[in-house]
Amino acid sequence: MALHAVSAKSIDDVYTLPLSEEELPKYRMPVGTSDPRAVYAMIHSELKLDGNSSQNLATFCTTWSDEEVHKLMDENLDKNMIDKDEYPQTAEIESRCVHILADLWNSPSERTTMGCSTTGSSEAAMLGGLALKWRWRQRRQKEGKPADRPNIVAGPVQVCWEKFARYFDVELRQVPLEEGATGLRAHQLREYADENTIGVVAILGVTFTCDYEPVAEIARELDAIQADTGLDIPIHVDAASGGFIAPFVQPDLVWDFRIDRVASVNASGHKYGLSPLGVGWVVWRDAGALPEELIFKVDYLGGNMPTFALNFSRPGGEIIAQYYNFLRLGREGYRKVQQACMDTARYLAGRIADMGPFELLYDGTGALPAVSYTLKDAAQGFTLYDLTEILRVRGWQVPAYPLPPRRQETVIQRVLVRHGIGRDEIALLADDLERSIERLRNGTPSGAERKAFHHS
Ligand SMILES: *Cc1c(COP(=O)(O)O)cnc(C)c1O
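Looking at an unreviewed UniProt entry, one finds the chain named Glutamate decarboxylase and attributed to Nonomuraea typhae. Note on the chain: under the UniProt heading Cofactor (unreviewed entry), the record states "pyridoxal 5'-phosphate".

Right under this line is the structure:
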């Protein structure tokens with residue numbers, strides 16, 4: 001193989017450079033250098049084979065950003081957020097975001113509370129879970145009771161809580177879904193919570209169904225359990241998605257630090273927080289809810305900085321972009337963006353209800369801007385998996401999957417509406433859904449489509 005650098009001339013057309021005329025190395029690092037234009041062009045075109053992210057209706061994550069966010073990300077590419085002494089303003093901006101979120105979630109101590117950025121809600125959930133575990137253990141040890149069999153109680157959790165349980169040796173007591181339920185119900189708790197329960201996870205925006213779990217009712221039930229048994233069990237709210245929806249479009253819903261029992265909250269900055277991928281947040285009710293032993297003092301980067309995180313080095317850009325969004329949109333801007341998504345989800349729910357074969361499981365009202373639905377009965381002549389596959393032909397990614405235990409015989413489909421997905425795009429999806437159903441039922445393209453094809 002020739003050394004590319006020798007033959008490449010900078011005036012050559014990109015597609016006549018050596019790298020453009022052969023298959024890219026896949027198992028071994030090439031010996032020589034290549035023209036960056038060619039490398040860029042080749043990788044750029046390869047990545048076109050990935051799905052189009054705006055048609056990925058399976059993801060909660062940000063797929064659209066302001067020009068200014070792109071610029072700030074680029075300008076801060078070299079900043080390591082862990083290096084708080086070298087980049088004090090990035091650290092300051094992280095801290096501002098924590099306090100803004102504490103205030104948004106009605107913390108009683110928004111200026112003094114503890115919190116931090118993370119790589120996403122998964123890391124944030126682990127930190128929240130660890131704080132619960134440490135506090136429970138301290139309490140048990142003080143009482144002279146065994147502290148070796150902690151459990152955490154939750155409904156249909158996102159996989160991060162299964163990871164937390166396994167990685168940190170906590171039993172996950174997953175409460176199965178009741179008939180007709182879209183999440184944990186308060187009256188189910190008594191059967192699962194006991195003296196070894198480090199906390200209950202309430203989910204604001206269940207991953208599978210997009211509905212909110214009733215945090216206030218869960219708290220009231222835990223109050224009743226405390227009155228009866230003396231057990232004081234805290235709540236961690238996994239508000240991965242809902243933490244950036246509820247404060248803006250359901251401001252009267254009480255789910256956050258207004259409830260005394262809520263010890264900590266996590267949310268994904270890179271979901272409805274509208275920041276680019278790679279940022280989550282966890283905030284504790286007050287400094288007392290985060291045990292001191294979990295905070296490390298790091299001094300070798302210069303200065304003596306407290307840190308609580310699973311990672312060490314991490315980019316600062318996403319955090320800066322989060323602050324940009326807070327300033328750029330303000331409460332009113334976030335409300336408008338999320339309300340537009342809610343309205344579009346409602347519109348889609350209406351279209352889906354009118355199509356005939358579907359039964360809505362979540363109609364886009366009262367929780368996340370999303371729709372989930374199932375087939376009315378099995379006699380439709382097709383499954384939701386078939387529908388997923390046929391929608392893929394037009395580039396749409398609409399996942400089909402079974403509900404969590406006890407309702408696993410119900411297969412559902414889910415569409416998430418996010419910033420950057422407009423009404424018209426969803427109308428086009430609905431049209432494609434209608435055409436796909438017809439096609440699946442008839443096994444052939446419809447007459448109208450054939451005609452359109454002949455005329456084109
Ligand atoms: C997405 C999600 C998570 C995981 O969040 P990441 O930011 O992807 O790590 C956890 N819990 C819920 C409810 C989620 O929706």
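Under the definition given, this model contains eleven aromatic pairs. Ring geometry for Trp-105 versus Phe-244: centroids 6.4 Å apart, planes at 65°, classification edge-to-face. Of this pair, Trp-105 sits in the loop between helix 4 (88-104) and strand 1 (115-118) while Phe-244 sits in the loop between strand 5 (235-238) and helix 8 (246-249); the two residues are 139 residues apart in sequence, bridging distant segments of the chain. One exposure class covers both Trp-105 and Phe-244, and it is buried.

With that out of the way, let us pick up the site of the ligand. Neighbouring the ligand are 14 residues, the closest being Ser-121, Ser-122, Asp-238, His-270 and Lys-271. A distance of 2.8 Å separates an oxygen atom of the ligand from a polar side-chain atom of Lys-271. Classifying every residue of the shell around the ligand by side-chain character gives three nonpolar, nine polar and two charged.

Now for the sheet that holds strand 13 (residues 411-416). If you trace the four strands from one edge of the open sheet to the other, you get 10-11-13-12, paired in antiparallel fashion. One side of each edge strand has no neighbouring strand; the edge strands of this open sheet are strand 10 (358-362) and strand 12 (400-402). On average, adjacent strands in this sheet sit at an angle of 35° to one another, irrespective of strand direction. In this structure, strand 12 lies alongside strand 13, joined through three bridges in antiparallel fashion. Looking at strand 13, one finds that Ala-400 is bridged to Gln-413.

Attention shifts here to the environment of Gln-55. For Gln-55, the position within the fold is in the loop between helix 2 (36-47) and helix 3 (67-75). Between the C-alpha atoms of Gln-55 and Ile-421, which are 366 residues apart in sequence, the distance is 8.3 Å. Excluding anything up to four places from it in sequence, Gln-55 contacts Arg-394, Gly-395, Trp-396, Gln-397 and Glu-425.

Take the pattern of salt bridges next. As enumerated under the stated definition, the model contains 21 salt bridges in all. Its salt-bridge partner being Arg-261, residue Asp-232 comes within 2.9 Å of it at the nearest N-O pair. With a gap of 29 residues between them, Asp-232 in the loop between helix 7 (215-229) and strand 5 and Arg-261 in the loop between helix 8 and strand 6 (262-268) connect regions that are remote in the sequence. The exposure class assigned to Asp-232 is partly exposed, which follows from its relative accessible area of 43%. Taken together, the salt bridges that share partners define one network made up of Glu-171, Arg-173 and Asp-194.

Let's shift gears to the domain arrangement of the chain. In terms of domain boundaries, the chain breaks down into domain 1 (1-37), domain 2 (70-326) and domain 3 (334-454). Placing a centre on the C-alpha atoms of domain 2 and another on those of domain 3 gives a separation of 32 Å. For the pair domain 2 and domain 3, the two sides together bury roughly 2,200 Å², of which 67% comes from carbon and sulfur. Contact with domain 3 buries area across many residues of domain 2, yet Phe-208, Cys-210 and Tyr-272 alone supply 27% of it, more than any other trio. Between domain 2 and domain 3 we count zero salt bridges in total.

Running from N to C, helix 5 (residues 121-142) and helix 6 (residues 159-167) point in directions that differ by 45°, and their axes come no closer than 9 Å. Overall, the two elements helix 5 and helix 6 adopt an arrangement that is oblique. Considering only the axes of helix 5 and helix 6, their crossing is right-handed. Seen from helix 5, the contacting residues are Ser-122, Ala-125, Met-126, Gly-129 and Leu-130; seen from helix 6, they are Cys-160, Trp-161, Lys-163, Phe-164 and Tyr-167. Of the residues assigned to the contact of helix 5 with helix 6, the class counts are seven nonpolar, two polar and one charged.

Criteria and thresholds
- Residues numbered from 1 in each chain as written.
- Predicted model: local features only at pLDDT ≥ 70, side-chain atom pairs only at ≥ 80, totals over all residues.
- Heavy atoms only, no water.
- UniProt positions renumbered as here; feature names shortened; annotations may be inferred.
- Phe/Tyr/Trp six-rings, centres within 6.5 Å; stacked < 30°, edge-to-face > 60°.
- Helix = DSSP H or I, 4+ residues; strand = E, 2+ residues; numbered from the N terminus.
- Buried < 20%, exposed > 50% of the residue type's maximum accessible area, 1.4 Å probe, protein only.
- Near = heavy atom within 4 Å.
- Polar contact = N/O pair within 3.5 Å; in protein donor to acceptor, adjacent residues only side chain to side chain.
- Nonpolar A, V, L, I, M, F, W, Y, C, P; charged D, E, K, R; others polar.
- Pairing = 2+ DSSP bridges.
- Axes fitted to C-alpha atoms, helices over the stretch in contact; angles between N-to-C directions.
- Contact = heavy atoms within 4.5 Å.
- Salt bridge = Lys/Arg side-chain N within 4 Å of Asp/Glu carboxyl O.
- Domains from an automatic or database assignment.
- Buried area = accessible area lost by both parts, 1.4 Å probe.
- Parallel < 35°, antiparallel > 145°, perpendicular 65-115°, else oblique.
- Left-handed = near helix turned anticlockwise from the far one by under 90°.

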